[in-house]
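# Descriptive structure summary
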Amino acid sequence: MINILTLNTTTNVFITVGIVIVLTGIFLLSHFINNKINGKAKPLVLGITYFFSFLSLVGATIGLLIIWNFPFDQYIFNVGADLLTSLENSVGQIVSSVLLVFIALFLLKIIKLSISRIGNKPSPNQKRKKTIAKLTQSLFKYTIWLITILIVLSIWGVNVGPALAGLGIMGLVIGLGAQKFINDLISGLFIIFEQHFDVGDVIETNGFIGEVVDIGLKTTKIKNWKGELKILANGELTDVVNRSRYQSLAIIDFGVAYESDLDKVYEVIKENLPKMKTIFPEVTEDPQLLGVTELANSSINLRVIARTLNNQHFNVERQGRAFIKKTLEENGIEIPFPQVVVHEAKK
């Protein structure tokens, strides 16, 4: 068997070209497989193909080094010796850095658990507490990581004094060039501390209606009933309608025939309206009959209003229309179809 180390230069060149061709074929095959695989198995196939591609690359590199008589074993020995020497000289610094990182993670975990309990504890101001809790958690996270990084740098011999001064100057430069970013931060502070809205409120802004799921210093996240999540910069929230601050109002319009006795209609509706508060728990006050709102082409239109819990008026309006229709039918009051009166001209 021919020793690989004794092969001449020409043979080494051919072997090198062959290894490169095989390696290229493996990469092309992996790319082809990844493009053809779809579905739930794709992440697993991607991981396997990338793993074998990496092993092929490492094996080919080691093989080429051996073929060209590179002192691989001596190189590994020297690197290992240098690494052991560096580790021996830096054991204290490594242990201190790792310990600091674990302390930072532990503090963040404790803060997260404590703040989440405050935000989730039932109270009249639960939404407000939840909003402040999210903001406080975010501030603690950035502060703890910044302090941890500075202490780790000082452990490794970096003079953090000039670094802090440099950060101040860099912050000034960034502030001058990032006015939009600063505007978003200031707007976020005003939104939170002036309580324009809280996490859990339903708001309308820029034509989008949804529930506030997160308020940050930079952005606000809103999710609508379809599950769509809209992320808006706080500086863009200039026209906001908060639909959760006060009780909602359900408006129910219905029509009766022109032949109907309005006194009877009023009596029947007023007599049955208190039942809505019993049937629908969302109704907070007895509904009211406002009276006639329009003399339409085919009907006399009337309006009923009812105070409801926040954003519960849609369901009350739907169920209320069915309730009024049933009530009118039970009392023989006609709800007319659209109709047109035609007059025949006399000849």
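Remember, it's a predicted structure, so these values are computed and weren't measured experimentally. (Residues numbered from 1 in each chain as written. Predicted model: local features only at pLDDT ≥ 70, side-chain atom pairs only at ≥ 80, totals over all residues. Heavy atoms only, no water.)

Strand order in the open sheet formed by three strands is S6-S8-S7, and the pairing between neighbours is antiparallel. Edge positions in the sheet fall to strand S6 (248–256) and strand S7 (288–295), since each of these pairs with one other strand and no more. Strand after strand, the sheet turns through a mean of 25° between neighbouring axes, direction not considered. Sheet analysis places S7 next to strand S8 (residues 300–308), joined by six bridges and oriented antiparallel. Its bridge partner lying in S8, Gly291 is registered against Arg303. (Pairing = 2+ DSSP bridges. Helix = DSSP H or I, 4+ residues; strand = E, 2+ residues; numbered from the N terminus. Axes fitted to C-alpha atoms, helices over the stretch in contact; angles between N-to-C directions.)

Before going further, it helps to spend a moment on the pattern of salt bridges. In this structure the tally under the stated criterion is three salt bridges. A salt bridge links Arg303 to Asp253; its shortest N-O distance comes to 2.7 Å. In this pair, Arg303 is assigned in strand S8 and Asp253 in strand S6, connecting sequence segments 50 residues apart. With relative accessibility at 39%, the residue Asp253 sits in the partly exposed group. Glu317 is the partner of Arg321 in a salt bridge, and the nearest nitrogen-oxygen pair spans 4.0 Å. Of this pair, Arg321 and Glu317 both sit in helix H9 (residues 313–330), separated by four residues, roughly a single helical turn. (Salt bridge = Lys/Arg side-chain N within 4 Å of Asp/Glu carboxyl O. Buried < 20%, exposed > 50% of the residue type's maximum accessible area, 1.4 Å probe, protein only.)

Looking now at the pairing of S8. With respect to burial, S8 is a largely interior element, seven of its nine residues being buried. With nine bridges connecting them, S6 and S8 associate as antiparallel partners. Note that in S8 the partner of Leu249 across the bridge is Arg307. Counted along the chain from S7 to the antiparallel partner S8, the turn is four residues long.

A word on the nonpolar core. Of all hydrophobic cores here, the largest spans 21 residues; its most connected members are Phe254, Val256, Ile269, Val304 and Ile324. Contributing elements (two or more residues each) for this core: S6, helix H8 (262–279), S8 and H9. The dominant element in this core, judged by the number of residues it contributes, is H8, at five residues. When near neighbours in sequence (up to four residues on either side) are disregarded, Phe254 contacts Ile269, Ile300, Asn301, Leu302, Val304, Ile324 and Leu328. One finds Phe197, Val199, Ile215 and Leu232 within the second-largest nonpolar core, a separate group that totals 12 residues. (Core = buried A, V, L, I, M, F, W, Y, C linked by side-chain atoms within 4.5 Å. Contact = heavy atoms within 4.5 Å.)

This part is about the sheet that holds strand S5 (residues 240–242). Ordered by their spatial adjacency, five strands build an open sheet running S4-S3-S2-S1-S5, and the pairing between neighbours is antiparallel. Bordering the open sheet on either side are strand S4 (229–233) and S5, each of which pairs with just one other strand. Averaged over all pairs of adjacent strands, the angle between strand axes in this sheet comes to 40°, irrespective of strand direction. Pairing between strand S2 (residues 208–215) and strand S3 (residues 219–223): four bridges, direction antiparallel. Looking at S3, one finds that Ile215 is bridged to Thr220.

In this section: the pairing of S4. Pairing analysis gives five bridges linking S3 to S4, with the strands arranged antiparallel. Paired with Thr220 across the two strands is Leu232, which belongs to S4. Linkage of S3 to S4, two consecutive antiparallel strands, is achieved through a turn of five residues, within which Gly227 is found at a positive phi near 90°.

Spanning 18 residues, H8 covers 25 Å between terminal C-alpha atoms, matching the ideal 26 Å at 1.5 Å per step. Listed as buried for H8 are Val265, Val268, Ile269, Asn272, Leu273 and Met276. The opening residue of H8 is Asp261, an N-cap whose side-chain oxygen sits 3.1 Å from the backbone nitrogen of Asp263. (Expected span 1.5 Å × (residues − 1). Polar contact = N/O pair within 3.5 Å; in protein donor to acceptor, adjacent residues only side chain to side chain.)

Right, let's get into a negative patch on the surface. Judged by side-chain charge, Asp261, Asp263, Glu267 and Glu271 come together as a negatively charged surface patch. Taking relative accessible area as the criterion, Glu267 reaches 55% and is therefore assigned exposed. (Patch = residues over 30% accessible without salt bridge, like charges linked within 9 Å, V, L, I, M, F, W, Y side chains within 5 Å. Areas by Shrake-Rupley, 256 points an atom, 1.4 Å probe, with all protein chains shown as cover. Lys, Arg positive; Asp, Glu negative; His and termini not counted. Charge placed at Lys NZ, Arg CZ, Asp CG, Glu CD.)

Turning our attention to the confidence of the model for the protein. Model confidence for the protein is summarised by a mean pLDDT of 77, while 79% of its residues fall at 70 or above. Of all the helices and strands in the protein, helix H6 (residues 160–177) carries the lowest mean pLDDT, 60, while S8 carries the highest, 89. Across residues 1–7, where pLDDT falls below 50, the model places six contacts with residues more than four positions away in sequence or in other chains. (pLDDT = per-residue confidence, 0-100.)

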